[in-house]
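Okay, here's what each chain looks like letter by letter:
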Amino acid sequence: MKKNVFILISFVIVASILAGCQSKGADKLVVAARGGSHVTAMEAVKEAFEKEHNVQVEIIGLEAADLKQKISLDAKNKNGAYDLIMADDPWMPEFSEAGIFANLSKLGVTEDADFEASSLALGKHPYGAGELYALPFSGNVQLFFYNKQLLDKHNYEVPQSWEEVLSMAKTIHEQDGVAGYVIRGQQGNPIVSDFLPIFWAYGGQVFDDNWNAQIDSEAGKKALNTYMELLAVGANYETTDIVSSLATSQAAMALGWPSWFITGEEASAEYSPVPAQAADGAEAFATGMIGNWMMGVTANSKTPELAAEFLTFITSSEVQKQMVEHGGVPTRKSAYLDSELSAKYKHFPVQLEALENSVARPRTPLWSRVEEALGTELSAAIAGTKTVEAALSAANQEINQIMK
């Protein structure tokens, strides 16, 4: 009897030890992510990592403003609630300077030349040349969208300059009675994101090398005059109406993000890279605004090494190819150039070309305030409450005050 009891007790002890080991091995990773398709794509592929590492990956999807706020608050805790976080690329300077991200190089994550170069640069601090703190997860970039039926009616090719865009917009507006071009002129981020690609095509830069504002330059005045001329033969719509107007031939051309017009294999308008010249024969500049969502390991993660392994997994070429089927947007060249994927998703070659000629918003932690100031003055100009010169001069002064 005593022998049986001893065996039973021994069995219970061994079982408890094994259970403890299994419990210890079954770690949990928490990802704070931008809600929507990003979460859907990760949920679709995470099981393979969970099984291999005996880990549960919890993905919390949040709206952008809520995500930024929660990340910033959690960064103050010694042990963070999140192991990995997504960040809109304009947040990177602010997050990097605040020490929110762990240094990926110290966690064994190495640079990979397969990442599109302009996307990879966003995750470095200082920008482009510093240490790596985040990897590009979603390769968004602005494109030029157009209604092919309206352009074909006038035997127009895809415009290569803003001079062409304006000329075509005027003719279509006058002869067809529809908006030749649609701007997204709401105050703040919408109008700034809509205006800057035109500004860049004129050779404009928001700042010089010493962070002095350059908005009221000749490039700025020419770009804003062009923008207002486009509005005069077009319309000022919000996102939903921009998409529907192009799809129904009520408008001819607009700038936009791929996800507005393209769902899976279907597109509601034709697309090309953003025109790179102010006028025919003028110098060509990079113009498409890059808008990647980045992902990194938090500096206060309880399991940073495991988190780094998941980051490597979720941004790998093979996993990016799998996520495409669930709404993922690649950041790797091999995914865009995959013959099967590019045959199915016709926009992939165009989007890769746009990424390769894209422009990042200025890398300053004060960008949100700069954007607000610039957006206010651009809105005043298109509303007619200020002249082009007065609006740009005021923007320049306020931006310089912010940067002091």
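Residues numbered from 1 in each chain as written. Predicted model: local features only at pLDDT ≥ 70, side-chain atom pairs only at ≥ 80, totals over all residues. Heavy atoms only, no water.

Chemist: Give me the overall build of the chain: which residues, what numbers.
Modeler: The helix and strand inventory of the chain stands at 19 helices and 16 strands. Once the C-alpha set of the chain is aligned to its principal axes, its extents read approximately 100 × 50 × 35 Å. A fraction of 75% describes how many contacts in the chain between residues 6 or more apart in sequence connect residues 24 or more apart. Accessible surface for the chain amounts to roughly 18,100 Å². Of this, 50% is attributable to carbon and sulfur atoms. Here the chain contributes 30 positively and 51 negatively charged side chains, and the mean placements of these two sets differ by 10 Å. (Helix = DSSP H or I, 4+ residues; strand = E, 2+ residues; numbered from the N terminus. Contact = heavy atoms within 4.5 Å. Areas by Shrake-Rupley, 256 points an atom, 1.4 Å probe, with all protein chains shown as cover. Lys, Arg positive; Asp, Glu negative; His and termini not counted. Charge placed at Lys NZ, Arg CZ, Asp CG, Glu CD.)

Chemist: Run through unusual backbone geometry, naming residues and quoting values.
Modeler: Each neighbour pair has its own omega, and for histidine 125 with proline 126 the value is -5 degrees, a cis peptide bond. One can find proline 126 in the loop between β4 (124-125) and β5 (131-132). Positive phi, normally seen in glycine, also occurs at asparagine 155, with a value near 60 degrees. Its location among the elements puts asparagine 155 in the loop between α7 (148-153) and α8 (162-176). Positive phi, normally seen in glycine, also occurs at tryptophan 211, with a value near 65 degrees.

Chemist: Describe helix α14 (residues 317-324), with residues and values.
Modeler: One full turn of an α-helix is made of 3.6 residues, so residues set three or four places apart face in the same direction. A large share of α14 lies buried, amounting to six of its eight residues. The set of residues buried in α14 consists of Ser317, Val319, Gln320, Lys321, Met323 and Val324. Close packing links the buried residues of α14 with α2 (37-45), β6 (135-138), α13 (304-314), α15 (333-337), α16 (339-344) and α17 (348-356). (Buried < 20%, exposed > 50% of the residue type's maximum accessible area, 1.4 Å probe, protein only.)

Chemist: For the sheet that holds strand β3 (residues 84-88), give the residues involved together with the corresponding values.
Modeler: The mixed open sheet is built from five strands, whose spatial order is β2-β1-β3-β15-β6. A single partner strand is all that each edge strand has here, and the edge strands are β2 (55-62) and β6. Neighbour-to-neighbour, the strand axes of this sheet turn through a mean angle of 25 degrees, independent of strand direction. Here three bridges tie β6 to strand β15 (residues 293-297), and the two strands are oriented antiparallel to one another. The partner of proline 136 across the bridge, within β15, is methionine 294. Packing against the sheet, α2 makes contact with β1 (27-34), β2, β3, β6 and β15, and its axis sits at approximately 150 degrees to β1. (Pairing = 2+ DSSP bridges. Axes fitted to C-alpha atoms, helices over the stretch in contact; angles between N-to-C directions.)

Chemist: Tell me about the pattern of salt bridges, residues and numbers included.
Modeler: Applying the stated criterion to the full structure yields 20 salt bridges. Between aspartate 89 and arginine 363 there is a salt bridge, with its nearest N and O atoms 2.7 Å apart. Highlighted residues: aspartate 89 in the loop between β3 and α5 (92-97) and arginine 363 in the loop between β16 (358-359) and α18 (367-383), separated in sequence by 274 residues. Overall, the relative accessible area of 0% leaves aspartate 89 in the buried class. The class for arginine 363 is buried, based on a relative accessible area of 15%. The residue arginine 332 makes a salt bridge to aspartate 114 at a minimum N-O spacing of 3.1 Å. Residue arginine 332 is found in the loop between α14 and α15, and its partner aspartate 114 is found in the loop between α5 and α6 (117-121); the two are separated by 218 residues along the sequence. Here arginine 332 and aspartate 114 have matching classes, each one buried. A single network of salt bridges, built from pairs that share partners, joins Glu43, Lys46 and Glu50. (Salt bridge = Lys/Arg side-chain N within 4 Å of Asp/Glu carboxyl O.)

Chemist: An account of the side chain of glutamine 142 is needed here, citing residue identities and associated values.
Modeler: In this fold, glutamine 142 is placed in the loop between β6 and β7 (143-146). What glutamine 142 contacts, discounting residues up to four positions off in sequence, is Ser193, Pro197, Gly256, Trp257, Val274, Gly288, Met289 and Ala354.

Chemist: Help me get a handle on the confidence of the model for the chain, residues and values and all.
Modeler: Averaged over all residues, the pLDDT of the chain is 93; the fraction at 70 or higher stands at 94%. Contacts for the low-pLDDT stretch residues 1-26, under 50 throughout, to residues beyond four places or in other chains number four contacts. (pLDDT = per-residue confidence, 0-100.)

Chemist: Got a sec to walk through the packing of α18 against helix α19 (residues 388-403)? Specific residues and values, please.
Modeler: At a closest axis distance of 9 Å, the pairing of α18 and α19 adopts a crossing angle of 170 degrees. When the interaxial angle is binned, α18 and α19 end up roughly antiparallel. From α18, Arg369, Val370, Ala373, Leu374, Glu377, Leu378 and Ala381 reach across to α19, where they touch Ala391, Leu392, Ala394, Ala395, Glu398, Ile399, Ile402 and Met403. Taken together, the residues of the contact of α18 with α19 sort by class into 12 nonpolar, no polar and three charged. (Parallel < 35°, antiparallel > 145°, perpendicular 65-115°, else oblique. Nonpolar A, V, L, I, M, F, W, Y, C, P; charged D, E, K, R; others polar.)

Chemist: Provide a residue-level description of the domain arrangement of the chain, including the pertinent values.
Modeler: Once the domains are mapped, the chain shows domain 1 (27-140 + 291-359) and domain 2 (143-289 + 365-403). Domain 1 and domain 2 are separated by 29 Å when their C-alpha centres are compared. Together, the buried faces of domain 1 and domain 2 total about 1,500 Å²; carbon and sulfur atoms form 67% of this surface. Its largest share of buried area at the contact with domain 2, domain 1 owes to Asn140, His347 and Val359, together 34% of the area lost on that side. Here domain 1 is connected to domain 2 by one salt bridge. Of the charged contacts in the structure, one is a salt bridge between lysine 344 and glutamate 265, with a shortest N-O distance of 3.9 Å. (Domains from an automatic or database assignment. Buried area = accessible area lost by both parts, 1.4 Å probe.)

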